[in-house]
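Observations on the model geometry
Listed below, chain by chain, are the residues.
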Amino acid sequence: MRNYKLTIAYDGSRYQGWQRQATTDNTIQYIMEWSLGRIVGYRVQVDGSGRTDSGVHARGQVASVKLSGLYEPDELKAALNRYLPEDIRVLKVELVKNNFHARKSAKGKKYEYYIDCREKPDVFSRRYCYHYPEKLDIEAMRDAVKYLIGVKNFASFTDNKETNDTVRRIYNIKIVRSGEKVRITYYGSGFLYHMVRILTGTLIEIGTGRRDASKLPVVIAAEDRSLAGFLAPARGLFLRKVYY
């Protein structure tokens, strides 16, 4: 068996997230597996670096798959892109060591969240930004970052009540304004279910003056989802890069 690493971009608008589901075939993972299966002639399992929610996009999702044949990477990429719909694209195919696994080998991830603060949403980016027509205090949001950096229990920032492993490391959060748009970039060892979107909602509340950044340590210590901010919509979120 040969192991292949796939770097994938997709517009998540019309899909039910990455993860294969029993109730629908409308997921990125299923479509990737179906497309590869058409090429190799048998059923395959494609493992992603992690799940992205319904409606979330990716510029640098990574997946791994083991195939019985030896394929030239560029030819495999071209064949895959012939079968895939136009809103899913394989950017790169690499032959890697057999012990590589897209999720288990990952060391960190980079996510980007886009906010449009103008009065009316931008016609061309409205599907890829959260339209929030209020002025945001970027400096207040940046001041809040210091409370979120480091190894912490982020139980207050996830909607998954079943997991007991809620400790993650955030390396950095960068907040940049460009005209009426704001980009928040998150760098971390990994992220919990809805974590980036809840962090974004929390930072937005700080940026509008509805929340005091200095109270964030209390929110973190409480391990109580109800004390954190709202869940920002999926459409503004992109998985930008996975680090190995």
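Residues numbered from 1 in each chain as written. Predicted model: local features only at pLDDT ≥ 70, side-chain atom pairs only at ≥ 80, totals over all residues. Heavy atoms only, no water.

1. Some thoughts on the state of the cysteines
For the coordinates displayed, the defined rule picks out 0 disulfides. Left without a disulfide partner, C117 is nearest to the cysteine sulfur of C129, which lies 9.4 Å away. Note on C117: relative accessible area 10%, which makes it buried. (Disulfide = S-S within 2.5 Å. Buried < 20%, exposed > 50% of the residue type's maximum accessible area, 1.4 Å probe, protein only.)

2. Overview of the UniProt feature "domain: Pseudouridine synthase I TruA alpha/beta" (unreviewed entry) in the protein chain
Per the UniProt record, the feature "domain: Pseudouridine synthase I TruA alpha/beta" (unreviewed entry) sits at residues 8–102 and 144–244. Regarding residues 8–102, the helix share stands at 25% and the strand share at 26%, and the terminal C-alpha atoms are separated by 12 Å. Annotated as residues 144–244, this span is 22% helix and 31% strand, and its ends, taken at the C-alpha atoms, are 28 Å apart. (UniProt positions renumbered as here; feature names shortened; annotations may be inferred. Helix = DSSP H or I, 4+ residues; strand = E, 2+ residues; numbered from the N terminus.)

3. A short note on the pairing of strand 8 (residues 167–178)
Where strand 7 (residues 150–153) meets strand 8, 4 bridges bridge the pair, whose relative direction is antiparallel. In the sheet register, V151 faces strand 8, and the bridge partner there is R169. Joining the antiparallel neighbours strand 8 and strand 9 (residues 181–188) is a turn of 2 residues, in which G179 adopts a positive phi near 65°. (Pairing = 2+ DSSP bridges.)

4. Notes on the packing of helix 1 (residues 28–40) against helix 2 (residues 73–83)
It is the contact of helix 1 with helix 2, at a shortest axis distance of 9 Å, that shows an interaxial angle of 120°. For the crossing formed where helix 1 meets helix 2, the hand is right-handed. For the pair helix 1 and helix 2, contact is made by M32, W34, S35, L36, R38 and I39 and by L76, A79, L80 and Y83, respectively. Across the contact of helix 1 with helix 2, the residue classes break down as 8 nonpolar, 1 polar and 1 charged. (Axes fitted to C-alpha atoms, helices over the stretch in contact; angles between N-to-C directions. Left-handed = near helix turned anticlockwise from the far one by under 90°. Contact = heavy atoms within 4.5 Å. Nonpolar A, V, L, I, M, F, W, Y, C, P; charged D, E, K, R; others polar.)

5. Overview of the side chain of E112
When you line up the elements, E112 lands in strand 5 (residues 108–116). A distance of 2.8 Å separates the side chain of E112 from the side chain of Y114, its partner in a polar contact. Residues within four places of E112 in sequence aside, it is in contact with R59, R183, I184, T185, G236, L237, F238 and R240. (Polar contact = N/O pair within 3.5 Å; in protein donor to acceptor, adjacent residues only side chain to side chain.)

6. Focus: the packing of helix 3 (residues 138–145) against helix 4 (residues 195–207)
Any two packed helices are characterised by how steeply their axes cross, that is the angle between the axes, and by the distance between the axes. Where helix 3 meets helix 4, the closest approach of the two axes is 8 Å, and the angle between their N-to-C directions is 130°. When the axes of helix 3 and helix 4 are compared, the pair comes out oblique. Crossing of helix 3 over helix 4 shows right-handed handedness. Between helix 3 and helix 4, the residues in contact are A140, M141 and A144 and L203, I204, I206 and G207, respectively. Looking at the contact of helix 3 with helix 4 residue by residue, the class counts come to 6 nonpolar, 1 polar and no charged. (Parallel < 35°, antiparallel > 145°, perpendicular 65-115°, else oblique.)

7. With respect to the pattern of salt bridges
Scanning the model with the defined rule gives 14 salt bridges in all. Between D87 and R14 there is a salt bridge, and its shortest N-O distance comes to 2.6 Å. With D87 in the loop between helix 2 and strand 4 (88–96) and R14 in the loop between strand 1 (2–10) and helix 1, this residue pair connects regions lying 73 residues apart in the sequence. A relative accessible area of 16% places D87 in the buried class. E205 is the partner of R211 in a salt bridge, and the nearest nitrogen-oxygen pair spans 2.9 Å. Note on E205: relative accessible area 16%, which makes it buried. (Salt bridge = Lys/Arg side-chain N within 4 Å of Asp/Glu carboxyl O.)

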